[in-house]
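Here's the letter readout for the chains.
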Amino acid sequence: MDLESVIGHHPVKKDSWKTVLTLAYQSLGVVYGDLSTSPLYVYKSTFAEDIQHSETNEEIYGVLSFVFWTLTLIPLVKYVFIVLRADDNGEGGTFALYSLLCRHARVSSLPNCQVADQELSEYTKDGIVSPTKTRAGSTLKSTLEKYRVLQTVLLVLALIGTCMVIGDGVLTPAISVFSAVSGLELSMHKEQHRYVEVPVACAILIFLFALQHYGTHRVGFLFAPIVITWLLCISAIGVYNIAHWNPHVYQALSPYYMYKFLKKTQRGGWMSLGGILLCITGSEAMFADLGHFSQLSIQIAFTFVVYPSLILAYMGQAAYLSKHHNLETNYRIGFYVSVPEVIRWPVLGIAILAAVVGSQAVITGTFSIIKQCSALGCFPRVKIVHTSSKIHGQIYIPEINWTLMLLCLSVTIGFRDTKRMGNASGLAVITVMLVTTCLMSLVMVLCWHKSIFLAICFTFFFGSIEALYFSASLIKFLEGAWVPVALSFIFLVVMYVWHYGTRKKYESDVQNKVSINWLLGLGPTLGIVRVRGIGLIHTELVSGIPAVFSHFVTNLPAFHQVVVFLCIKSVPVPHVRPEERFLVGRVGPKEYRLYRCIARYGYHDVHKDDTEFEKDLVRSIAEFIRSERPKCDPRIEELESDEKMTVVGTSSSNIKGIRLSEDGDSSEIAGTSELREISSPKRVRKRVRFVVPESPRIDREAQEELQELMEAREAGMAFILGHSYVRAKRGSGLMKRLVINIGYDFLRRNFRGPSYALSIPHASTLEVGMVYHV
């Protein structure tokens, strides 16, 4: 799948209103499903044992006041108007904020960063940036860069937020679907519905996760009508209940009722905040799924559709409950009791469908954030399937999908109770929001260059609200809130072990790389016979000669006439433009025919298929040979004394440069009078041609080098994969031995290898393993 033509730009800013409204429509089916289904369980969870509903209605009015102001301050003010503006070139989520910070301060978790990466056009194009830096911002930046422990704390904070998003991906489908199915209890005997709810909920969950491989685009168009129907339904029911039961319920929107509520209920009211918190579950999905849609489309959908519908729904439930104080204890105070009995069954069906949609938001967000973590070296490699050829951010990860399904089924079968599921989901949600608040304060100072006072005010205002809800959720640790903590701890250990092991392996590769003096001592023939063909050596090093090369040179009797050190690396930006894809340079003198090529990808980029990538790789080397100048070019960045790297784009982005034609590709270049060919000998079975511009003319030495590169390409390409393994040194501490020898080694063996190694022909592959002790 070649998506480079659609991922090289920010797809939001130039969209027409038709496109924005279409995306807003789709976002209703993907982003807001979770948030819009929260009326199913908020009141039921709030009044579950902690507080009682009295004749004065102070509890009902207090809860409604809390719900209204929480919905207004957190999703509307914080996320829609502030956090969404902190996108990372169109991408959102906890790790997008961390990536944004890494580009404005040297706190990156990637070990192979280069100065040349900072020249990428996407590197500094990150939204609102003030032209003047503040003194406090400079001080904060230098402090973060100086102390490694602060960088580790920042990374762990981002990982905690990420792990809680994954935990929410387990809990939200469980509570949404189970709460929707619980409406059966109003139409069945008490003994019967207990045996029906769990099997029906599990069947729906299995169906939901089985749908994921179709992709967000298809699911969005399928689910959006369901969410719109659901929002219209709860709005209409809310208006009916307000008009029929209590038209004065709007008085409860006054914040004074929050004070009265806490004053009367005291500790019970504080503990019930964990249930009220559930009214904003799914708010983080607006930010996490930003890459699937656009900032404006999400803002429009929430402000004009979702927010007013939810307010009417909660007001309607409160109006009904304020006039019904004799509800049966077994049914609690759920959503369905406020639905007129005539339409209860149709509403039940719509609610179940809406709950399925609600689960979609966090599942999609989980896929997005795991891809970011994997690309930035903080999660083991997994299979990533791109489900849309037009929208770059829509992905599906099979391993994560089925893992979430199994965990979700376990929670549903294990709890069988909305209250405990709500306690677990609430803690996961509020933890992610706290992490977002902390990272946003740093973004304001380091990226937006706002005053530190403004950042402190932001943190204090929203952080105090979220800390109140966090304390109420944490107090219910033994009543279900332990689940997201346990899940997050497991994922956090996996992510940190992988990150630590990856860094140690790269540091070992750097320490064991071969010096250029050793290479110069071998001479142009490298001391052995140079055979026809291209030897492609995969390495993670961005400079220097990998140890695996010296191993081959000293142990094999022959080596290829052209050697390419290829590094496929991720950079802390969402996308790398095709014209900036490759960094190409020489290793050693020209006559050695050794090249280094660094292919740079953003954490949301799509890797091209192997055939196209190989052609682009060879063409980029040819373009480097053609455009090389004796003197330094402004686009050349010197990395080492023996290497200079030049930025070279892909064939689709550089139509004026050298083009590569193989076998039947010649038709596409016929009739180009301004081009001339350098052709290879006709005796070779596979014909390769470089088509180069007429001007400027290239010298004879460069022509000979291009001729040799063509012959090597025709002869074939051999892949040399160096596998370096790390083991803890003798005498290392117990923790280091557990992490390196057991944890990292287990992950390395059981997860996928590098993407480039999966489909390389085995007949053309040489593999060598090296063990480093760290």
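Each value, and the rule that gives it
Residues numbered from 1 in each chain as written. Predicted model: local features only at pLDDT ≥ 70, side-chain atom pairs only at ≥ 80, totals over all residues. Heavy atoms only, no water. Helix = DSSP H or I, 4+ residues; strand = E, 2+ residues; numbered from the N terminus. Buried < 20%, exposed > 50% of the residue type's maximum accessible area, 1.4 Å probe, protein only. Contact = heavy atoms within 4.5 Å. Areas by Shrake-Rupley, 256 points an atom, 1.4 Å probe, with all protein chains shown as cover. Axes fitted to C-alpha atoms, helices over the stretch in contact; angles between N-to-C directions. Parallel < 35°, antiparallel > 145°, perpendicular 65-115°, else oblique. Left-handed = near helix turned anticlockwise from the far one by under 90°. Nonpolar A, V, L, I, M, F, W, Y, C, P; charged D, E, K, R; others polar. Salt bridge = Lys/Arg side-chain N within 4 Å of Asp/Glu carboxyl O. Phe/Tyr/Trp six-rings, centres within 6.5 Å; stacked < 30°, edge-to-face > 60°. Patch = residues over 30% accessible without salt bridge, like charges linked within 9 Å, V, L, I, M, F, W, Y side chains within 5 Å. Lys, Arg positive; Asp, Glu negative; His and termini not counted. Charge placed at Lys NZ, Arg CZ, Asp CG, Glu CD. Polar contact = N/O pair within 3.5 Å; in protein donor to acceptor, adjacent residues only side chain to side chain. Core = buried A, V, L, I, M, F, W, Y, C linked by side-chain atoms within 4.5 Å. Expected span 1.5 Å × (residues − 1). Bend = angle between axes of the 7 residues up to and from the residue. Pairing = 2+ DSSP bridges. pLDDT = per-residue confidence, 0-100.

**Student:** I keep staring at the overall build of the protein and nothing clicks. Help me out?
**Tutor:** Along the backbone of the protein there are 26 helices and 13 strands. A total of 774 residues make up the protein; the buried ones form 59% of that total. Within the protein, contacts between residues separated by at least 24 positions form 83% of all contacts whose residues are at least 6 apart in sequence. Approximately 31100 Å² of the protein is accessible, and the part contributed by carbon and sulfur atoms is 59%.

**Student:** It is not clear to me how the packing of helix H2 (residues 17-30) against helix H16 (residues 295-321) should be interpreted in this structure. Could you clarify?
**Tutor:** Running from N to C, H2 and H16 point in directions that differ by 60°, and their axes come no closer than 8 Å. Considering their axes alone, H2 and H16 lie oblique with respect to each other. Here H2 runs over H16; the crossing is right-handed. When H2 is examined against H16, the residues Trp-17, Val-20, Leu-23, Ala-24, Ser-27 and Leu-28 are found in contact with a partner set consisting of Leu-296, Ser-297, Ile-300, Ala-301, Val-305 and Val-306. Its residues placed into classes, the contact of H2 with H16 shows 10 nonpolar, 2 polar and no charged.

**Student:** Whenever I open this one, the environment of Phe-751 confuses me. Can you help?
**Tutor:** Relative to the helices and strands, Phe-751 resides in the loop between helix H26 (734-750) and strand E13 (765-773). By relative accessible area, which is 30% here, Phe-751 ends up partly exposed. Sequence-wise, Phe-751 and Val-382 are 369 residues apart; in three dimensions their C-alpha atoms are separated by 6.7 Å. The residues touching Phe-751, leaving out its near neighbours within four places in the chain, are Pro-380, Arg-381 and Val-382.

**Student:** Whenever I open this one, the pattern of salt bridges confuses me. Can you help?
**Tutor:** Opposite charge on two side chains makes pairing possible when the charged atoms of those side chains draw close. Scanning all chains against the criterion turns up 17 salt bridges. For Arg-106, the salt bridge identified is with Glu-145, shortest N-O distance 3.4 Å. Of the two residues, Arg-106 is situated in the loop between helix H6 (94-104) and helix H7 (121-124) and Glu-145 in helix H8 (residues 135-146); the sequence distance between them amounts to 39 residues. The exposure class assigned to Glu-145 is partly exposed, which follows from its relative accessible area of 22%. When salt bridges that share partners are traced, they join Glu-58, Glu-59, Lys-260 and Lys-264 into one network.

**Student:** Quick question: what am I supposed to make of unusual backbone geometry here?
**Tutor:** For residues that are not glycine, phi is negative in most cases, and the peptide bond is trans in most cases. In this structure, Gln-266 takes a positive phi of about 50° despite not being glycine. Mapped onto the secondary structure, Gln-266 falls in the loop between helix H12 (256-265) and helix H13 (267-271). We note that Arg-593 has phi near 55°; this positive angle belongs to a residue other than glycine.

**Student:** Explain the packing of aromatic side chains here, please?
**Tutor:** In the structure shown here, the tally under the stated rule is 18 aromatic pairs. With a centroid separation of 5.6 Å and 90° between ring planes, the pair formed by Trp-245 and Tyr-320 is classed as edge-to-face. With a gap of 75 residues between them, Trp-245 in helix H11 (residues 216-245) and Tyr-320 in helix H16 connect regions that are remote in the sequence. Relative accessible area serves as the criterion here: at 28%, Trp-245 is assigned to the partly exposed category. Overall, Tyr-320 belongs to the buried group, its relative accessible area being 13%. Taking 6.0 Å as the distance between ring centres and 45° as the angle between the ring planes, the aromatic pair formed by Phe-582 and Phe-613 counts as tilted. Of this pair, Phe-582 sits in strand E5 (residues 582-586) while Phe-613 sits in helix H24 (residues 610-627), and the two are 31 residues apart along the sequence.

**Student:** Help me out: how do you make sense of a nonpolar patch on the surface in this one?
**Tutor:** A surface patch of nonpolar side chains, amounting to about 480 Å² of accessible area, comprises Leu-474, Phe-477, Leu-478, Trp-482 and Val-485. Along the chain, the position of Leu-478 falls in the loop between helix H20 (452-474) and helix H21 (482-511). A relative accessible area of 76% places Leu-478 in the exposed class.

**Student:** So what exactly am I meant to see when it comes to a negative patch on the surface here?
**Tutor:** A contiguous patch of negative charge on the surface is contributed by Glu-591, Asp-699, Glu-701 and Glu-704. As for its placement among the helices and strands, Glu-701 is situated in helix H25 (residues 700-715). For Glu-701, a relative accessible area of 44% puts it in the partly exposed group.

**Student:** What should I look at first to understand the side chain of Ser-508 in this one?
**Tutor:** As for its placement among the helices and strands, Ser-508 is situated in helix H21. Beyond its immediate chain neighbours, meaning those up to four positions away, Ser-508 contacts Val-726, Tyr-772 and Val-774.

**Student:** How do you make sense of the environment of Arg-416 when you look at a structure like this?
**Tutor:** Inspection of the secondary structure assignment puts Arg-416 in the loop between helix H18 (398-415) and helix H19 (418-446). Through-space distance from the C-alpha of Arg-416 to that of Phe-178 is 8.0 Å; in sequence the pair is 238 residues apart. Those residues in contact with Arg-416 that lie beyond four places of it in its chain are Phe-178, Val-198, Val-411 and Met-421. A distance of 2.6 Å separates the side chain of Arg-416 from the backbone oxygen of Ile-413, its partner in a polar contact.

**Student:** Hey, could you run me through the nonpolar core in this one?
**Tutor:** Residues Tyr-32, Leu-64, Leu-71, Phe-95, Phe-302, Tyr-314 and Met-440 are the most contacted members of the largest nonpolar core, which totals 163 residues. Setting aside chain neighbours within four positions, we find Phe-302 in contact with Tyr-32, Leu-35, Pro-75, Leu-76, Val-80, Met-286, Tyr-307 and Pro-308. In this structure, Tyr-595, Ile-621, Ile-625 and Phe-719 belong to the second largest nonpolar core, which totals 26 residues.

**Student:** How should I be thinking about helix H9 (residues 148-181) in this particular structure?
**Tutor:** An α-helical turn contains 3.6 residues, so a residue and the one three or four places further along point in the same direction. Given a rise of 1.5 Å per residue, 34 residues ought to cover 50 Å, and the 50 Å separating the end C-alpha atoms of H9 matches this to within 8%. Along H9, the sharpest change in direction is near 25° and occurs at Leu-171; proline Pro-173 comes one to four residues later. Burial analysis of H9 places 26 of its 34 residues in the buried class, which makes it a mostly covered element.

**Student:** I'm lost on the pairing of strand E4 (residues 558-571) in this one. Help?
**Tutor:** Working note: regular strand, side chains alternate between the two faces of the sheet. Within E4, 12 of the 14 residues are buried, leaving the element largely enclosed by the surrounding structure. Pairing of strand E3 (residues 529-538) with E4, which is carried by 8 bridges, proceeds in the parallel orientation. Bridge assignment links Gly-535 to a residue of E4, and that residue is Val-563.

**Student:** How do you make sense of the side chain of Asn-401 when you look at a structure like this?
**Tutor:** Examined against the element boundaries, Asn-401 turns out to sit in helix H18. The exposure class assigned to Asn-401 is buried, which follows from its relative accessible area of 0%. Setting aside residues no more than four positions away along its own chain, Asn-401 makes contact with Phe-209, Gln-212, Ile-363, Phe-367 and Tyr-396.

**Student:** Whenever I open this one, the confidence of the model for the protein confuses me. Can you help?
**Tutor:** In regions of low pLDDT, the predicted coordinates are not meant to be interpreted in detail. When pLDDT is averaged across the protein, the result is 80; 81% of the residues are at 70 or more. A low-confidence stretch, residues 1-13 stays under pLDDT 50, and its non-local contacts, those more than four residues away or across chains, total 32 contacts. In this model residues 631-642 is a low-confidence stretch, pLDDT under 50, and it forms 22 contacts with partners more than four residues away in sequence or in other chains.

**Student:** Help me out: how do you make sense of the environment of Gly-527 in this one?
**Tutor:** Along the chain, the position of Gly-527 falls in the loop between helix H22 (516-522) and E3. As for Gly-527 and Ala-558, which are separated by 31 residues in sequence, their C-alpha atoms are 9.1 Å apart.

**Student:** How do you make sense of the pairing of E5 when you look at a structure like this?
**Tutor:** Most of E5 is tucked away, with 5 of its 5 residues classed as buried. Every second residue of E5 is oriented toward a common face, with Phe-582, Val-584 and Arg-586 on one face and Leu-583 and Gly-585 on the other, all of them buried. Note: E5 against strand E6 (residues 594-602), 5 bridges, orientation antiparallel. Note that in E6 the partner of Val-584 across the bridge is Cys-597.

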